[in-house]
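Spelled out from the first residue to the last, the chains are:
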Amino acid sequence: MIAPPETHRKERTLTRALLGWLLIPLFFLLAVSAYTTYRNAYHLAETERDLVLEEITDDLKELVSATFESNGRIDPNSLSFSLLIRDARDQRYFAIYNASGTLLAGDRRLTRMGAGIGSGKRATFGNLSLDGRKLRRAILKGGPEDLPGFEIQVAETTSRRGRLTLHLLRGVLVPQAFVLILSIPLIWFGISRGLHPLEALRRRITQRSAQDLDAIPVDNSPRELLPLITALNDLLLRFRAVQEEQRRFMADAAHQIKTPLAVLTAEIDLALSDTTCPCARPTYSRLQKATSRLTHLVRQLLALAHSEANAGKTHVLFDLSELAREVTGDFVAAAARRRIDLGFEGTDQAIPIRGNVMLVKEAMKNLVENALKFTPEGGTVTTSVRAFPPVFAVADSGPGIPEAELPLIFQRFHRAPESSTTEGSGLGLAIVQEVARKHGAVVSVGKSELGGALIELQFEGDAVSQS
Ligand SMILES: Nc1ncnc2c1ncn2[C@@H]1O[C@H](COP(=O)(O)OP(=O)(O)OP(=O)(O)O)[C@@H](O)[C@H]1O
Ligand SMILES: [Mg+2]
């Protein structure tokens, strides 16, 4: 069975996780707040409405007392009773019992509670259920001097209480929920801003070239990121150590090969000059070519190893113009052998740059070597220098470098298929690239006015001021 593509998996982001971890407790707090607010609102509504109910009970008692005192009896159908308990929203009931427990007026379903409940000046409250509805009831007993033994009851449905509770609840919860919802984008923004250093670190790492194994600067990174940066720097340090080990091995190996190779070359030259055995000459000739190729490869490997070494410590101030003239001069004889017109265009002024002279010279040599190698006999190669910014350029009248080859020519051991007829190891431009990197320089490849390739090595404009 084919596994679903990775893209279908839900992407995990730190922002979302943090938002979740903040919002879940916030919603929990809102729920707790809703519960406590409801409890408080219910209690407040109950207290408020109980006061009203008590007032009505008191009024009813006064009315009963006045009526009873004036004519010694109570009219159960008195309009005053129904006027007193009337309410627009809630349904109210009342009951008046005398000392012997006889219902004088009101609703029989409000049963007499008897002694023990509701004695004293204040009413006693309780709940009861009537016709399937919940009712709140106030019970007030007559005192020794005022309706002794009487019991006055007033009960009401809880519609007003419910509405009041809901009103209070809404008054608190709606603004709270509103604030919580409003806070989501603010929290999101805050988290994004808070994670900014992480994003900056990511950018700093992704912008690095694969060769840049220098430690990541800590700068003013937040404390939480320091362990990560330290761990990364530790890893980079170990990488650098491994790389340095490999480079040293390559340099040592190339160096070790150099001596026997020189002996071999000398021996072959000697054998070739021996005229007593002409039949072996073709073999020696081939051997000479092979050893010359091998010598070139070893030289290039050594140059690459040196260019990869930490050259920063050996940087000095030197004249780019003078070095370019010297390198070009070194190739005059080789150019003449192939009838190539090798020229140098420079200024009389010095172009001071800071760097490793040996490495820059090696890079220049490789560029001139390439131009001479790939330009057909009778062609032209021109080296030049410019100040502001400091540039060393090599232009030739050769075939140029095809567009498709441009991303590949700086790779080690890469040689364009068109170059198969010429000799080389494919390390020259890799050396140039490495030297450029060590000097903060840029290598650019283009087309020259001579019709062939134009390769420029541009050093940093303020190269001198780095001293
Ligand atoms: N001036 C040039 N004109 C045309 N092609 C070039 C030029 N310079 C470089 N190239 C192309 O780029 C490839 C890589 O160059 P590089 O110098 O790295 O290798 P090389 O010259 O083949 O070998 P090496 O320099 O190690 O002897 C070459 O093989 C060639 O195809
Ligand atoms: Mg080369």
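Not measured: the values here are computed from a predicted model.

A.B. asks: Help me out: how do you make sense of the packing of helix α7 (residues 320-330) against helix α9 (residues 357-374) in this one?
C.D. replies: Helices that pack against each other are described as a pair by the angle of their axes relative to one another and the distance between those axes. One way to put it is that α7 packs onto α9 with a least axis distance of 10 Å and a crossing angle of 45 degrees. By the criterion of interaxial angle, the relationship of α7 to α9 is oblique. Between α7 and α9 lies a crossing of right-handed hand. Residues Leu323, Ala324, Val327 and Thr328 of α7 form the contact with α9, whose participating residues are Val357, Val360, Lys361, Met364, Lys365 and Val368.

A.B. asks: How should the sheet that holds strand β12 (residues 453-458) be read in this particular structure?
C.D. replies: Picture the strands of a sheet paired through backbone hydrogen bonds; they go either parallel or antiparallel. Strand order in this open sheet of 5 strands is β7-β9-β10-β12-β11, and the pairing throughout is mixed. Here the strands that pair on one side only, and so sit at the sheet edges, are β7 (341-345) and β11 (442-447). Looking at each pair of strands side by side, their axes are set apart by 15 degrees on average, direction ignored. Looking at chain direction, strand β10 (residues 391-396) and β12 are connected through 5 bridges and run antiparallel. Bridging from a neighbouring strand, Ala393 pairs with Glu456 of β12. Here α9 sits on the sheet and contacts β9 (380-386), β10 and β12; the angle it forms with β10, its principal contact strand, is near 10 degrees. Sitting on the sheet, helix α10 (residues 428-438) is in contact with β11 and β12, with an inclination near 135 degrees to β11.

A.B. asks: Is there a simple way to think about the nonpolar core in this case?
C.D. replies: Soluble globular proteins tend to bury their nonpolar side chains together. Ranked by size, the top nonpolar core spans 43 residues in total, and within it Ala363, Met364, Leu367, Val394, Ile431 and Val432 carry the most contacts. Only α6 (281-308), α7, α9, β9, β10, α10 and β12 provide two or more residues apiece to this core. Among the elements that make up this core, the one with the highest residue count is α9 (9 residues). Shared between two domains, this core holds at least three residues of each, these being domain 2 (224-309) and domain 3 (311-466). Apart from residues no more than four positions distant in its own chain, Met364 is found in contact with Leu323, Ala324, Val327 and Phe392. Membership of the second largest hydrophobic core comes to 20 residues, among which are Leu53, Val64, Tyr97 and Ala155.

A.B. asks: Is there a simple way to explain the sheet that holds strand β3 (residues 124-130) in this structure?
C.D. replies: Spatially, the 5 strands line up as an open sheet ordered β2-β1-β5-β4-β3, and their pairing is antiparallel. Each edge of the open sheet carries a strand with a single partner, namely β2 (103-106) and β3. On average, each strand axis in the sheet is tilted by 20 degrees relative to the strand beside it, whichever way the strands run. Sheet topology note: the strand β1 (residues 92-97)/strand β5 (residues 151-157) ladder contains 6 bridges and is antiparallel. When the sheet's bridge partners are listed, Ile96 is paired in β5 with Ile152. Packing against the sheet, helix α1 (residues 14-71) makes contact with β1, β3, β4 (133-141) and β5, and its axis sits at approximately 140 degrees to β5.

A.B. asks: Just checking my understanding: could you explain the confidence of the model for the chain for this structure?
C.D. replies: For residues with low pLDDT, the predicted coordinates do not support detailed interpretation. The predicted model of the chain averages 87 in pLDDT, with 94% of residues at 70 or higher. Note on residues 1-7: pLDDT is under 50 here. Beyond four places in sequence and across chains, it has 0 contacts. Under a pLDDT of 50 for its full length, residues 463-467 has, in the predicted model, 10 contacts with residues more than four places off or in other chains.

A.B. asks: For this particular structure, what's the right way to read α6?
C.D. replies: For α6, which comprises 28 residues, the first-to-last C-alpha distance of 40 Å matches the rise-based estimate of 40 Å (1.5 Å per residue) to within 8%. All buried positions along α6 are accounted for by Gln300, Leu301, Ala303, Leu304, Ala305, Ser307 and Glu308.

A.B. asks: How should I be thinking about the domain arrangement of the chain in this particular structure?
C.D. replies: A common way to state how big an interface is: give the accessible area lost once the parts meet. Domain assignment breaks the chain into domain 1 (15-167), domain 2 (224-309) and domain 3 (311-466). Domain 1 and domain 2 are separated by 104 Å when their C-alpha centres are compared.

Cut-off values and rules
- Residues numbered from 1 in each chain as written.
- Chains lettered and ligands numbered in written order.
- Predicted model: local features only at pLDDT ≥ 70, side-chain atom pairs only at ≥ 80, totals over all residues.
- Axes fitted to C-alpha atoms, helices over the stretch in contact; angles between N-to-C directions.
- Helix = DSSP H or I, 4+ residues; strand = E, 2+ residues; numbered from the N terminus.
- Parallel < 35°, antiparallel > 145°, perpendicular 65-115°, else oblique.
- Left-handed = near helix turned anticlockwise from the far one by under 90°.
- Contact = placed C-beta atoms within 7 Å.
- Pairing = 2+ DSSP bridges.
- Core = buried A, V, L, I, M, F, W, Y, C linked by C-beta atoms within 7 Å.
- Buried ≥ 20, exposed ≤ 12 C-beta atoms within 10 Å, placed from the backbone.
- Domains from an automatic or database assignment.
- pLDDT = per-residue confidence, 0-100.
- Expected span 1.5 Å × (residues − 1).

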